[in-house]
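Listed below are the residues making up each chain.
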Amino acid sequence: MSKKIALVLSGGGARGLAHIGVIEELEKRGYEITSIAGTSMGALVGGVYACGKLDEYKKWVCGLSRHEMFMLVDFTFGGGGIIKGEKVLNAMKEFMPDRDIADLTIPYSATAVDIIKHEEVVYRTGSLYYAIRASIAIPSVFTPVIQGDSVIVDGGVLNNVPISNVERNEGDLLVAVNVNADISPKKTKESKNEIQKKEKAYLKWLNDFSEFVRSYYPKEKKESLGFLSLIDKTIATGMLKLAQYAIKDGNPDVLINVSREACGTYDFYKANELIEMGRETVIETLDKI
């Protein structure tokens, strides 16, 4: 089996943190990632890796407290979404300066969608952060990126497993990671007390978020959090079906599946657990081959 890999990373919100564990385990086993393509969170993790800053990103995201996480959410109302997404990317620039995609160590692409022209937008050159910001623009949650006459949103709307956009090299293995698989979630190794402690902190964060939203939309007190859930489920319905087609057509040599039920889209407080889930899934998958 070839040790060179063309890696494809799907979107999936917080579940995309599993990509970190996947990459770490692949490298531990001696595989060389020679190209990478991602959508949404897959574009973010893939871009960080292509910059050689995966260790720094992992340390940062795993070290964020509930308060720090809340402070990185830059709320806005009236721009096509409720979060601008600039604060978190600016915070990342402290350990990973922006770069031109063409100058990265390996070929990289980020997939987004132009909802005016109804077509994919694939970033292979230009600002890495611009490409990531466009690719993670979940409709109605993150404000879209305006590019001339185009309105750019999350690539998962059309192509959440962007196999078609990864650069191939002769003799490489095509490895796709789908963190929205319709399978049962793996059991966590964390203790019940650890899980309850994290969930309590996260629910407090959600309550703070809800109260903030309610202050702007007082008539929607009962629906504030349901609004985000509705968006997530609506997008997921079409996204899951399109992802199945992409995987079937792309026919990857290795498919690594992480359950969509592993966590909620915004459960970033489970970073350590999700990274380990990605690692364990790779071990299971490769040991069967």
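Residues numbered from 1 in each chain as written. Predicted model: local features only at pLDDT ≥ 70, side-chain atom pairs only at ≥ 80, totals over all residues. Heavy atoms only, no water.

1. A few points about the overall build of the chain
Then, in step 1: Across its full length, the chain carries 9 helices and 8 strands.
Then, in step 2: Per-residue burial for the chain yields a buried fraction of 52% across its 289 residues.
Then, in step 3: Sequence separation of at least 24 residues holds for 77% of the intrachain contacts in the chain that already meet a minimum separation of 6.
Then, in step 4: Counting only carbon and sulfur atoms, one obtains 53% of the accessible surface of the chain, whose full area is about 13800 Å². (Helix = DSSP H or I, 4+ residues; strand = E, 2+ residues; numbered from the N terminus. Buried < 20%, exposed > 50% of the residue type's maximum accessible area, 1.4 Å probe, protein only. Contact = heavy atoms within 4.5 Å. Areas by Shrake-Rupley, 256 points an atom, 1.4 Å probe, with all protein chains shown as cover.)

2. Describing the environment of W60
Then, in step 1: Along the polypeptide, W60 turns up in helix α3 (residues 54–63).
Then, in step 2: Setting aside residues up to four positions removed in sequence, W60 forms contacts with L72, V88, A91, M92 and F95.

3. As for the UniProt feature "short sequence motif: GXGXXG" (unreviewed entry) in the chain
Then, in step 1: Listed under "short sequence motif: GXGXXG" (unreviewed entry) in the UniProt record, and renumbered for this structure, are residues 11–16.
Then, in step 2: The span residues 11–16 is 0% helical and 0% strand by assignment, and the distance between its end C-alpha atoms comes to 6 Å. (UniProt positions renumbered as here; feature names shortened; annotations may be inferred.)

4. Overview of the pairing of strand β2 (residues 32–39)
Then, in step 1: With respect to burial, β2 is a largely interior element, 7 of its 8 residues being buried.
Then, in step 2: Bridging between strand β1 (residues 4–9) and β2 involves 6 bridges; their strand directions are parallel. The residue bridging V8 from the neighbouring strand is A37, located in β2.
Then, in step 3: Note on the crossover from β1 through helix α1 (residues 18–28) to β2: the handedness is right-handed.
Then, in step 4: Note: β2 against strand β3 (residues 108–114), 4 bridges, orientation parallel. By the bridge assignment, A37 is partnered in β3 with S109. (Pairing = 2+ DSSP bridges. Right-handed = clockwise from strand over helix to strand, strands pointing away.)

5. What to know about unusual backbone geometry
Then, in step 1: Residues other than glycine seldom take positive phi values, yet S40 does so here, at roughly 55°.
Then, in step 2: By secondary structure assignment, the location of S40 is in the loop between β2 and α2 (41–50).
Then, in step 3: Note on S40: relative accessible area 6%, which makes it buried.
Then, in step 4: Backbone geometry at N251 places phi at a positive 45°, although glycine is not the residue there.

6. Regarding the packing of α1 against α3
Between two packed helices, both the angle of their axes relative to each other and the distance between the axes serve to describe the pair.
Then, in step 1: Two elements in contact, α1 and α3, have axes separated by 11 Å at closest approach and are oriented at 140°. Comparing their axes, α3 and α1 come out oblique. Crossing of α1 over α3 shows left-handed handedness. Across from I20, I23 and E24 in α1, the residues of α3 making contact are L54, D55, Y57 and K58.
Then, in step 2: Split into classes, the residues belonging to the contact of α1 with α3 amount to 4 nonpolar, no polar and 3 charged. (Axes fitted to C-alpha atoms, helices over the stretch in contact; angles between N-to-C directions. Parallel < 35°, antiparallel > 145°, perpendicular 65-115°, else oblique. Left-handed = near helix turned anticlockwise from the far one by under 90°. Nonpolar A, V, L, I, M, F, W, Y, C, P; charged D, E, K, R; others polar.)

7. Focus on helix α9 (residues 271–288)
Given 3.6 residues per turn, any residue in an α-helix points the same way as the ones three and four places further on.
Then, in step 1: If you check α9, its first and last C-alpha atoms are 26 Å apart, about what 18 residues at 1.5 Å a residue would give, namely 26 Å.
Then, in step 2: Along α9, the residues classified as buried are A271, E273, L274, I275, M277, G278, R279, T281, V282, T285 and L286.
Then, in step 3: In this fold, the buried residues of α9 make contact with α1, α3 and β8 (254–259). (Expected span 1.5 Å × (residues − 1).)

8. A few points about α1
Then, in step 1: Burial of α1 is extensive: 9 of the 11 residues sit out of reach of the surface.
Then, in step 2: What α1 keeps buried is the set A18, H19, I20, G21, V22, I23, E24, E25 and L26.
Then, in step 3: G30 sits one or two residues past α1 and shows a positive phi near 90°.

9. Remarks on the nonpolar core
Then, in step 1: Ranked by size, the top nonpolar core spans 62 residues in total, and within it L7, Y57, M92, Y108 and Y123 carry the most contacts.
Then, in step 2: For this core, the leading source of residues is α2, giving 7 residues.
Then, in step 3: If sequence neighbours within four positions are ignored, Y57 has contacts with L17, I20, M41, L44, V48, M92 and F95. (Core = buried A, V, L, I, M, F, W, Y, C linked by side-chain atoms within 4.5 Å.)

10. Concerning the environment of G238
Then, in step 1: Within the secondary structure layout, G238 lies in helix α8 (residues 224–250).
Then, in step 2: For the pair G238 and V157, spaced 81 residues apart in the sequence, the C-alpha separation amounts to 7.6 Å.

11. Let's talk about the pattern of salt bridges
Oppositely charged side chains may form a pair once their charged atoms are brought near each other.
Then, in step 1: Within this structure, the stated rule accounts for 8 salt bridges.
Then, in step 2: Between R133 and E86 there is a salt bridge; the shortest N-O distance is 3.4 Å. One end of the pair, R133, is in helix α6 (residues 128–135); the other, E86, is in helix α5 (residues 86–92), with 47 residues separating them in the sequence.
Then, in step 3: By relative accessible area, E86 is classed as partly exposed at 37%.
Then, in step 4: Here R279 and E276 are joined by a salt bridge, their closest N and O atoms 3.0 Å apart. (Salt bridge = Lys/Arg side-chain N within 4 Å of Asp/Glu carboxyl O.)

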